[in-house]
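Geometric and topological summary
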Amino acid sequence: MVEMGVLKEGSTFAKLDLASYLSQDIYHGALVPLLSATVGLAWLARSRPTSGGAEKLPANFRAFEWSYFSVWALCAAADWLQGPYTYALYEAYGFSPAEIAQLFVVGYGSSLVFGCFVGSFTDRYGRKRCCILYCLLYLFSCLTKHFKRYSMLLVGRVTGGIATSMLNSCFECWMVSEHLQRHKFPEHLLSYMFSMMYTVMYCVAIASGLAGQAVTDAFAFRPVGGPDSIVYIGGYCGPFDLSIVCTTLGAMVISSTWEENYGSEGSVKVQAGGSVLANLRAASNLIRSDGQVLALGLVVSCFEGSMYAWVFNWTPALETQTLPPPHGVIFALFMMACMCGASASTLLGRRLSPRSSLLLAFGMGFVAFAISAGAAGGGSEGHLRLILLSFLSFEFAVGVYFPSIGTLKSEIVPEQVRGTVYNLYRMPLNAVVVGLLLSNIAPATCFKLNALLMFLAALCIRSVHPNLKNKNKMSDPELGLIGSRDQVDCHGASAPGLELVGVSGRRSENGTIRSPTAWSEGEIVGRRTSLESPTAASPLAALAATGGGVGGPGAVAGRTRLDLAGSAA
């Protein structure tokens with residue numbers, strides 16, 4: 001019989017065999033069944049970069065994969081190690097629920113304010129540098145957790161909020177740019193990278209939850225140098241020390257193995273003139289003018305806003321007088337459910353589009369929050385089981401959500417302002433969370449509002465049609481909407497940074513749009529495409545330039561009527 005022991009004196013479970021460990025409460029009892037389901041689904045959904053072994057991988061793809069996922073695992077672990085223990089640590093320091101809510105608000109508010117500039121800063125000064133900066137900011141934030149002083153904890157929440165914005169944008173932007181721009185790997189391998197990215201993240205999260213629980217149980221939570229000291233070690237501080245180790249290693253690996261990349265040398269950056277504020281304006285204009293980019297941002301805000309509000313409320317919702325929640329074990333269960341969802345997303349992706357998978361996730365989230373709202377505050381073991389089941393169902397929906405939304409964002413958001421747009425998406429997200437936390441509402445009320453946000457996300461996703469945004473996803477040769485990464489060339493009249501809308505024609509292998517006769521009248525807005533016509537026919541295209549002029553014979557800007565031979569009217 002395998003035995004497990006803890007070093008902390010006075011622990012409730014000083015020495016347990018494995019069977020007793022797994023049967024001590026509903027949380028430990030769920031470990032084996034949920035782990036079995038996680039492993040089984042992961043095996044069925046295991047990702048392969050090639051299909052049937054018929055296609056050979058690019059020569060340097062495996063090296064790129066290793067360089068990214070080794071860093072991603074370390075930096076994601078640094079974040080996951082902290083999650084289950086932040087609320088518990090503040091509570092152990094003796095702060096009231098209202099004071100704890102204020103600390104959380106500072107973190108989300110920091111992400112809200114600085115997130116406006118993080119994306120532009122990243123695109124302008126380099127994603128590699130900002131990933132290293134993430135490690136340094138998170139390291140400092142973890143150090144502040146050792147101080148039982150409200151002002152120090154506030155500073156740590158500010159740096160942690162900035163770091164969170166970087167984690168949720170810089171790493172993904174670096175990977176997408178390296179994949180498509182530097183290495184020019186096939187696009188289908190990008191879907192594989194996203195799938196593996198979240199598989200790695202959830203595996204790391206499960207391990208982080210169990211490791212955090214082990215180090216919390218192993219060392220007593222105590223002040224250093226006497227009872228009046230403000231510096232504490234052990235207990236709930238342990239996971240934050242593990243996070244410091246992960247961020248240090250992550251920064252070292254990034255420095256030694258990654259290349260730098262920036263926002264593309266495309267039209268947006270040229271127009272911005274290298275200015276962070278100009279890049280921010282360009283991204284803001286894109287969100288305002290492009291309905292699909294805006295709708296996708298509303299989806300992100302609704303779903304992830306409800307998720308972060310839930311992060312604050314799951315700990316008090318599971319607290320009872322008879323069964324103190326083992327935070328690390330519960331977190332590991334949540335991450336197993338997430339990984340089950342990610343695996344299901346991969347399996348569903350063979351039959352369903354990312355948009356359809358997201359609709360399924362929002363439906364599950366709505367039902368989960370409706371159930372938890374009804375069961376919260378019941379106090380009985382039956383209510384506790386129901387709340388835990390609803391939370392696991394929501395985490396399953398989270399697992400479906402992230403790979404699907406990652407794919408949609410990579411298709412719809414232009415590379416030139418990707419980091420900026422991703423962080424602008426987080427502004428309303430953090431506003432939602434701050435509003436819910438400042439209102440000091442009960443967990444049950446918060447869950448009802450989260451259910452409403454799930455419903456709104458489902459409404460918004462119906463406005464997103466990625467097949468109309470990405471020319472590489474369109475199989476029909478008769479194209480009504482062409483985009484989003486080529487050059488408009490009208491026999492000498494070039495329009496960098498534009499997208500062709502409403503023109504019927506056929507696309508050749510290199511993405512050039514040709515018409516066998518004459519072009520019908522249409523409208524050009526947005527990004528870039530290549531346009532040629534074999535005739536000098538004069539049905540006119542309406543040009544609606546979004547911030548850029550058209551060079552060539554008769555240079556024009558703004559909304560102009562232009563024939564396809566290059567003359568302006």
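Look a little higher up for the structure.
Read on for a plain summary of the structure. Just so you know, these numbers come straight off a predicted model, no measurement behind them. (Residues numbered from 1 in each chain as written. Predicted model: local features only at pLDDT ≥ 70, side-chain atom pairs only at ≥ 80, totals over all residues. Heavy atoms only, no water.)

Quick look at the overall build of the chain
Helix and strand counts for the chain stand at 19 helices and 14 strands. Counting the 569 residues in the chain, one finds 54% classified as buried. Here the contacts in the chain between residues at least 6 apart in sequence split such that 75% fall between residues at least 24 apart. Carbon and sulfur atoms make up 63% of the accessible area of the chain, which totals about 23,000 Å². (Helix = DSSP H or I, 4+ residues; strand = E, 2+ residues; numbered from the N terminus. Buried < 20%, exposed > 50% of the residue type's maximum accessible area, 1.4 Å probe, protein only. Contact = heavy atoms within 4.5 Å. Areas by Shrake-Rupley, 256 points an atom, 1.4 Å probe, with all protein chains shown as cover.)

Side note on the side chain of Asn450
Tracing the backbone through its elements, the reader meets Asn450 in helix H19 (residues 443-461). Separated by 3.4 Å, the side chain of Asn450 and the backbone oxygen of Ser306 make a polar contact. Not counting the four nearest positions on each side in its chain, Asn450 is found in contact with Ser306, Ala309, Trp310, Phe369 and Leu436. (Polar contact = N/O pair within 3.5 Å; in protein donor to acceptor, adjacent residues only side chain to side chain.)

Some thoughts on helix H14 (residues 291-318)
Here H14 contains 28 residues, and its C-alpha end-to-end distance of 40 Å stays within 8% of the 40 Å for a straight helix at 1.5 Å per residue. Along H14, the sharpest kink reaches roughly 40°, centred on Phe312 and followed within four residues by the proline Pro316. Along H14, 23 of the 28 residues are buried, which leaves the element largely enclosed by surrounding structure. (Expected span 1.5 Å × (residues − 1). Bend = angle between axes of the 7 residues up to and from the residue.)

A short note on the packing of aromatic side chains
Aromatic ring pairs are defined here through the distance separating the ring centres and the angle between the ring planes. Considering all chains together, one arrives at 42 aromatic pairs under this definition. Taken together, a centroid distance of 5.0 Å and an interplanar angle of 75° make the contact between Phe104 and Phe312 edge-to-face. Here Phe104, found in helix H6 (residues 97-125), pairs with Phe312, found in helix H14; they are 208 residues apart in sequence, far enough to count as distant. For Phe104, a relative accessible area of 5% puts it in the buried group. An aromatic cluster is present here, built from Phe61, Phe64, Tyr68, Phe69, Trp72, Tyr134, Tyr138, Phe171, Trp174, Phe185, Tyr192 and Trp258 joined pairwise through their rings. The ring of Phe104 carries Arg157 above its face, with NZ or CZ at 4.8 Å from the centroid. Here Lys409 stacks its cationic end above the ring of Tyr422, 4.4 Å away from the centre of that ring. (Phe/Tyr/Trp six-rings, centres within 6.5 Å; stacked < 30°, edge-to-face > 60°. Lys NZ or Arg CZ within 6 Å of the ring centre and 35° of its normal.)

A short note on the nonpolar core
One recurring pattern in soluble globular proteins is that nonpolar side chains are buried together. Core analysis: the biggest nonpolar cluster contains 141 residues, and Tyr68, Trp72, Tyr134, Phe171, Met175, Tyr202 and Phe334 have the highest contact counts within it. For Phe334, the residues in contact, after removing those within four places along its chain, are Trp310, Trp314, Leu318, Leu388, Phe391, Leu392 and Glu395. (Core = buried A, V, L, I, M, F, W, Y, C linked by side-chain atoms within 4.5 Å.)

Things to note about the pattern of salt bridges
All chains considered together, the criterion is met by 3 salt bridges. Among the salt bridges present, the one from Arg62 reaches Glu65, with a minimum N-O distance of 2.7 Å. On the criterion of helical spacing, the pair formed by Arg62 and Glu65 is a turn pair, its members being 3 residues apart in helix H4 (residues 61-82). The salt bridge partner of Glu178 is Arg182, with a shortest N-O separation of 2.8 Å. Note that Glu178 and Arg182 are positioned in helix H9 (residues 170-182) at a spacing of 4 residues, about one turn of the helix. (Salt bridge = Lys/Arg side-chain N within 4 Å of Asp/Glu carboxyl O.)

Some thoughts on the environment of Arg462
Considering the arrangement of structural elements, one finds Arg462 in the loop between H19 and strand E5 (481-482). Using a relative accessible area of 54% as the deciding quantity, one classes Arg462 as exposed. On a C-alpha basis, the gap between Arg462 and Ala295 in space is 8.7 Å, while along the polypeptide they are 167 residues apart. Non-local contacts of Arg462, meaning those with residues more than four positions away in its chain, are made with Arg355 and Leu359.

A few points about the environment of Met197
Among the structural elements, Met197 can be located in helix H10 (residues 188-218). For Met197, a relative accessible area of 2% corresponds to the buried category. With 25 residues separating them along the chain, Met197 and Glu172 place their C-alpha atoms 9.2 Å apart. When near neighbours in sequence (up to four residues on either side) are disregarded, Met197 contacts Tyr68, Phe69, Trp72, Glu172 and Met175.

Comments concerning the environment of Gln82
Locating Gln82 in the fold gives a position in helix H4. Each C-alpha atom of the pair Gln82 and Pro239 lies 6.2 Å from the other, and the pair is 157 residues apart in sequence. Among all residues touching Gln82, those that are not within four sequence positions of it are Tyr138, Cys142, Phe240 and Ser243. From its side chain, Gln82 meets the backbone oxygen of Ala78 in a polar contact 3.0 Å long. There is a polar contact of 3.2 Å between the side chain of Gln82 and the side chain of Ser243.

Brief notes about H4
If you check H4, its first and last C-alpha atoms are 32 Å apart, about what 22 residues at 1.5 Å a residue would give, namely 32 Å. Of all 22 residues in H4, 17 are buried, a share of seventy percent or more.

A closer look at the packing of H10 against helix H17 (residues 381-412)
Between H10 and H17, whose axes approach to 10 Å, the crossing angle comes to 150°. The hand of the H10/H17 crossing is right-handed. In contact with Leu190, Phe194, Tyr198 and Tyr202 of H10, H17 contributes Val398, Gly399, Phe402, Pro403, Gly406 and Ser410. Broken down by class, the residue content of the contact of H10 with H17 amounts to 7 nonpolar, 3 polar and no charged. (Axes fitted to C-alpha atoms, helices over the stretch in contact; angles between N-to-C directions. Left-handed = near helix turned anticlockwise from the far one by under 90°. Nonpolar A, V, L, I, M, F, W, Y, C, P; charged D, E, K, R; others polar.)

Considerations on the state of the cysteines
A complete count under the given rule lists 0 disulfides for this structure. Looking at Cys340, it has no disulfide partner, and the nearest cysteine sulfur is the one in Cys338, 9.4 Å off. (Disulfide = S-S within 2.5 Å.)

Some remarks on unusual backbone geometry
One non-glycine residue, Lys184, adopts positive backbone phi at about 55°. If you trace the backbone, Lys184 turns up in the loop between H9 and H10.

Considerations on the packing of H9 against H10
For the pair H9 and H10, interaxial distance at closest approach is 11 Å and the crossing angle is 150°. Put simply, H9 runs roughly antiparallel to H10. Note on packing geometry: the crossing formed by H9 with H10 is right-handed. For the pair H9 and H10, the contacting residues are Glu172, Met175, Val176, His179 and Leu180 in the first and Leu189, Leu190, Met193, Phe194, Met197 and Tyr198 in the second. Of the residues in the contact of H9 with H10, the class split is 9 nonpolar, 1 polar and 1 charged. (Parallel < 35°, antiparallel > 145°, perpendicular 65-115°, else oblique.)

Considerations on the side chain of Ser67
Tracing the backbone through its elements, the reader meets Ser67 in helix H4. A polar atom in the side chain of Ser67 sits 2.9 Å from the backbone oxygen of Phe64. Leave out the neighbours within four places in its chain, and Ser67 touches Trp174, Thr257 and Trp258.

What to know about a nonpolar patch on the surface
A cluster of nonpolar side chains, namely Phe366, Val367, Ile371, Leu386, Leu389, Leu449, Leu452, Phe455, Leu456 and Leu459, defines an oily patch on the protein surface of about 850 Å² accessible area. Where the nonpolar patch is concerned, the elements lending two or more residues are helix H16 (354-375), H17 and H19. Tracing the chain through its elements places Leu459 in helix H19. Leu459 gets classed as partly exposed once you look at its relative accessible area, which sits at 46%. (Patch = residues over 30% accessible without salt bridge, like charges linked within 9 Å, V, L, I, M, F, W, Y side chains within 5 Å.)

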